[in-house]
Amino acid sequence: MLKSKLPRAAKLHYMANGFRVLSPGDHVVCAKSGAVIPLDELRYWSVAAQEPYASAELSTEAHLGQ
């Protein structure tokens, strides 16, 4: 069986110290900027909003409601 190498967004459940993959993929999309974030580079997210962010600055802006 061949496995597809096409980019696919993962669905994640964000927790305080990590995340759980609900649907496999190789990236997520930043909730503020729309930037593609490879899963191995994902460092910032909101547990309450269940959203990923591409940078600390974007995470802070989302938290402050900017």
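In this text, all values refer to a predicted model and were calculated from it rather than measured experimentally.

**Quick word on the pairing of strand S2 (residues 18–23)**
Alright, step 1. Note that strand S1 (residues 11–15) and S2 share 5 bridges and pair antiparallel. The partner of Leu12 across the bridge, within S2, is Val21.
Alright, step 2. Counting the residues that bridge the hairpin from S1 to S2 gives 2 residues.

**Description of the environment of Ala31**
Alright, step 1. Mapped onto the secondary structure, Ala31 falls in the loop between strand S3 (27–29) and strand S4 (36–38).
Alright, step 2. It is 19 Å that separates the C-alpha atoms of Ala31 and Asn17, two residues lying 14 residues apart in sequence.
Alright, step 3. With residues near it in sequence (within four places) discarded, Ala31 still touches Glu51, Pro52 and Tyr53.

**Observations regarding the side chain of Ser46**
Alright, step 1. By the secondary structure assignment, Ser46 is in strand S5 (residues 44–46).
Alright, step 2. Residue Ser46 is classed as buried on the basis of its relative accessible area, which comes to 18%.
Alright, step 3. Polar contacts involving the side chain of Ser46 include one to the main-chain amide nitrogen of Ala48, which spans 3.5 Å.
Alright, step 4. Only 2.9 Å separates the side chain of Ser46 from the backbone nitrogen of Ala49, close enough to count as a polar contact.
Alright, step 5. Discounting residues that sit within four places of it in the chain, Ser46 has contacts with Tyr14, Glu51 and Tyr53.

What counts, and where the lines are drawn
Residues numbered from 1 in each chain as written. Predicted model: local features only at pLDDT ≥ 70, side-chain atom pairs only at ≥ 80, totals over all residues. Heavy atoms only, no water. Pairing = 2+ DSSP bridges. Helix = DSSP H or I, 4+ residues; strand = E, 2+ residues; numbered from the N terminus. Contact = heavy atoms within 4.5 Å. Buried < 20%, exposed > 50% of the residue type's maximum accessible area, 1.4 Å probe, protein only. Polar contact = N/O pair within 3.5 Å; in protein donor to acceptor, adjacent residues only side chain to side chain.

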